[in-house]
Amino acid sequence: MSFKTIFALTALVVAAYAAPSTNNAACSKGRTAKHATCCKWFDVLDDIQENLFDGGECGEEAHESLRLTFHDAIGFSFSHPLTGGGGADGSIMAHSEIETKFAANNGVDDVIEQQRPLAIKHGVSFGDFIQFAGAVGVSNCLGGPRLQFLAGRANFSLPAPDKTVPEPQDPINQIFARMGDAGFSPNEVADLLASHSVAAQDHVDPSVHGSPFDSTPSDFDAQFFVETLLKGISTTGSGPAVGEALSPLPGELRLQSDFVIARDPRTACEWQSFVTDQSSMVKKFEKVMSKLAVLGHIPALLTDCSEVIPVPKPAASNIAHIPAGKTLKDIEASCKVKPFPTIPVLPGPISSIPPVPPS
Ligand code: HEM
Ligand SMILES: *[C@@H]1O[C@H](CO)[C@@H](O)[C@H](O)[C@H]1NC(C)=O
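Values in this document were obtained by computation on a predicted structure and should not be read as measured data. (Residues numbered from 1 in each chain as written. Chains lettered and ligands numbered in written order. Predicted model: local features only at pLDDT ≥ 70, side-chain atom pairs only at ≥ 80, totals over all residues. Heavy atoms only, no water.)

Let us now look at the coordination of the iron atom of ligand 1. Just one protein atom coordinates the iron atom of ligand 1, and that atom is H196 (NE2), at 2.1 Å. Tracing the sequence through the fold places H196 in the loop between α9 (186–192) and β4 (200–201). (Donors = N, O, S within 2.8 Å, 3.2 Å for Na, K, Ca; no water. Helix = DSSP H or I, 4+ residues; strand = E, 2+ residues; numbered from the N terminus.)

Take the confidence of the model for the chain next. Detailed conclusions should not be drawn from predicted coordinates in areas where pLDDT is low. When pLDDT is averaged along the chain, the result is 94; 94% of the residues meet or exceed 70. Note that pLDDT drops below 50 for residues 1–19; the model gives that stretch two contacts with residues more than four away or on any other chain. (pLDDT = per-residue confidence, 0-100. Contact = heavy atoms within 4.5 Å.)

Our next topic: the UniProt feature "binding site: Ca(2+) 2" (unreviewed entry) in the chain. Mapped onto this numbering, the UniProt entry annotates "binding site: Ca(2+) 2" (unreviewed entry) at S197, D214, T216 and D221. Spanning 25 residues, the annotated positions come together in the fold, the maximum distance between their C-alpha atoms being 9.6 Å. Not counting chain neighbours up to four residues away, the residues in contact with D214 comprise S197, D221, Q223, F224, E227, E252 and I353. Of note is the side chain of D214, whose polar atom sits 3.0 Å from the backbone nitrogen of T216. Locating D221 in the fold gives a position in the loop between β5 (211–212) and α10 (223–227). Discounting residues that sit within four places of it in the chain, D221 has contacts with S197, D214, T216, Q278 and M281. (UniProt positions renumbered as here; feature names shortened; annotations may be inferred. Polar contact = N/O pair within 3.5 Å; in protein donor to acceptor, adjacent residues only side chain to side chain.)

Time to look at the site of ligand 1. In the region of ligand 1, 24 residues are neighbours, and S195, H196, A200, D202 and H203 sit closest. Here an oxygen atom of ligand 1 and a backbone polar atom of D202 are 3.0 Å apart. V204 places a main-chain nitrogen or oxygen 3.4 Å from an oxygen atom of ligand 1. Mapped by element, the contributors of at least two residues to the shell around ligand 1 are α3 (60–73) and β4. With five residues, the single largest contributor to the shell around ligand 1 is α3. Residues that form the shell around ligand 1 fall into these classes: 14 nonpolar, six polar and four charged. Domain assignment of the residues forming the shell around ligand 1 places at least three in each of domain 1 (34–165 + 289–308) and domain 2 (172–278 + 316–330). (Near = heavy atom within 4 Å. Nonpolar A, V, L, I, M, F, W, Y, C, P; charged D, E, K, R; others polar. Domains from an automatic or database assignment.)

What follows concerns the pattern of salt bridges. Here the structure, examined in full by the defined rule, presents 10 salt bridges. Notably, a salt bridge pairs D46 with K29, separated by 3.1 Å at the nearest N-O pair. Linking D46 in helix α2 (residues 39–51) with K29 in the loop between β1 (25–26) and β2 (32–33), this pair joins segments that are 17 residues apart in sequence. In this structure K29 comes out as exposed when scored by relative accessible area, which is 67%. Residues R266 and D264 are paired through a salt bridge, measuring 2.8 Å at the closest nitrogen-oxygen approach. A residue is classified by how much of its surface remains accessible, and R266, at 39% relative accessible area, is partly exposed. With a relative accessible area of 7%, D264 lands in the buried category. Three or more residues are tied together by salt bridges with common partners; here these are K29, R31 and D46. (Salt bridge = Lys/Arg side-chain N within 4 Å of Asp/Glu carboxyl O. Buried < 20%, exposed > 50% of the residue type's maximum accessible area, 1.4 Å probe, protein only.)

One non-glycine residue with positive phi stands out, namely D54, at about 50°. Within the secondary structure, D54 is located in the loop between α2 and α3. Accessibility expressed as a relative area gives 38% for D54, which makes it partly exposed.

Right, let's get into the site of ligand 2. All residues adjacent to ligand 2 are A94, I120, G123, V124, F126 and N155. Residue N155 places a side-chain N or O atom 2.4 Å away from an oxygen atom belonging to ligand 2. Grouping the constituent residues of the shell around ligand 2 by class yields four nonpolar, two polar and no charged.

We now examine the packing of α2 against helix α6 (residues 108–122). Where α2 meets α6, the closest approach of the two axes is 11 Å, and the angle between their N-to-C directions is 150°. The angle between α2 and α6 falls in the class roughly antiparallel. Of the two elements, α2 crosses α6, and the hand of that crossing is right-handed. In contact with K40, D43, V44, D47 and I48 of α2, α6 contributes L118, K121 and H122. (Axes fitted to C-alpha atoms, helices over the stretch in contact; angles between N-to-C directions. Parallel < 35°, antiparallel > 145°, perpendicular 65-115°, else oblique. Left-handed = near helix turned anticlockwise from the far one by under 90°.)

Another point: the nonpolar core. Counting residues in hydrophobic clusters, the biggest one holds 85 residues, and the most contacted among them are W41, I48, F132, F184, F220 and W271. The element contributing the most residues to this core is helix α7 (residues 126–139), with eight residues. When residues of this core are assigned to domains, at least three map to each of domain 1 (34–165 + 289–308) and domain 2 (172–278 + 316–330). In contact with F184, not counting residues within four places along its chain, are I74, M179, V189, L192, V288, K291, L292 and L295. (Core = buried A, V, L, I, M, F, W, Y, C linked by side-chain atoms within 4.5 Å.)

Written out as structure tokens, the structure reads:
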């Protein structure tokens with residue numbers, strides 16, 4: 001065979017593989033998938049939408065499931081590859097008796113206990129289930145991302161060591177160093193914190209159960225990136241708690257880490273950029289989550305079942321607003337190279353942000 005023939009044959013083979021593959025596998029309820037192994041995830045989807053997310057809501061369980069993807073995966077270290085944890089390996093569920101005792105994991109036990117029987121029922125690994133549930137949960141949020149979902153993580157894990165998950169009161173250089181040791185730049189930390197746009201706290205200050213981090217905790221919008229830059233005026237709940245910063249709005253709780261990362265020169269411009277560009281916020285979150293979800297794994301050895309993740313409803317607006325009762329003057333603009341953009345200011349008096357209802 002001549003070199004030319006080999007080249008032509010190779011090109012053919014490559015073309016055949018690159019051709020858009022049809023969905024060959026028939027799954028339940030008339031759905032199809034490229035890979036037959038993805039079919040079971042449609043059944044997991046139906047089950048968790050109904051029995052974990054209250055019929056497809058972006059409520060407390062969706063928020064907790066998204067948080068859990070992080071707390072499982074970040075148990076990973078490039079500097080201590082053998083002892084730093086196995087990444088997105090399900091260890092937080094398999095060894096919950098150990099990992100839920102770590103201070104930073106306060107509160108994750110609830111959603112672990114809700115998820116575990118579902119993972120066992122469907123015979124999927126804990127590592128896969130945690131990443132899948134987080135991706136489905138956040139797809140329920142208005143304007144949410146459609147996260148990549150790769151399946152096939154082994155069901156084996158060792159407990160992650162303590163101190164891999166950052167805490168809101170940690171010094172900022174310690175937070176960036178820890179995240180850097182898992183492969184994330186400061187700007188990627190800012191990207192990951194889009195997650196706090198669909199979030200609330202129960203354990204920083206337990207006296208205000210469900211106090212959200214922005215005024216729209218069911219929308220994956222950019223409000224979080226505006227509201228964290230407003231001047232803080234008072235604490236929410238029973239006085240200053242560890243890891244809490246002054247909040248601009250009654251009922252809203254601000255984490256110390258979010259306060260600092262919004263203003264740090266390493267992240268302030270990335271942070272501000274999302275205020276007028278929710279779609280960039282989503283794209284960057286999708287990208288950085290595709291890294292987080294496979295920490296400790298070789299992605300090429302997993303199967304792409306992303307097609308099972310629902311397509312979220314679009315956001316109400318690509319541009320965030322200043323909440324009622326505040327003006328542009330209340331913004332602590334922190335990006336040195338670009339002024340804070342002019343955005344709509346909602347009319348009316350300042351209002352209290354209601355808690356996320358428990359379900
Ligand atoms: C600098 C790093 C981070 C710190 C210090 C931090 C800290 C916290 C804290 C203290 C809470 C409140 C928990 C409670 O009291 O119930 C929280 C909630 C949450 N976090 Fe983070 N977080 C960080 C990064 C992330 C990342 C990377 C994600 C996901 C990709 C994430 C997702 C969430 C979600 C969704 C909630 C809300 C949970 C709920 O509403 O029940 N966080 N975070
Ligand atoms: C995964 O391991 C846990 C124990 O950590 C077990 O309960 C579960 O059934 C296992 N799942 C699979 C699919 O093997």
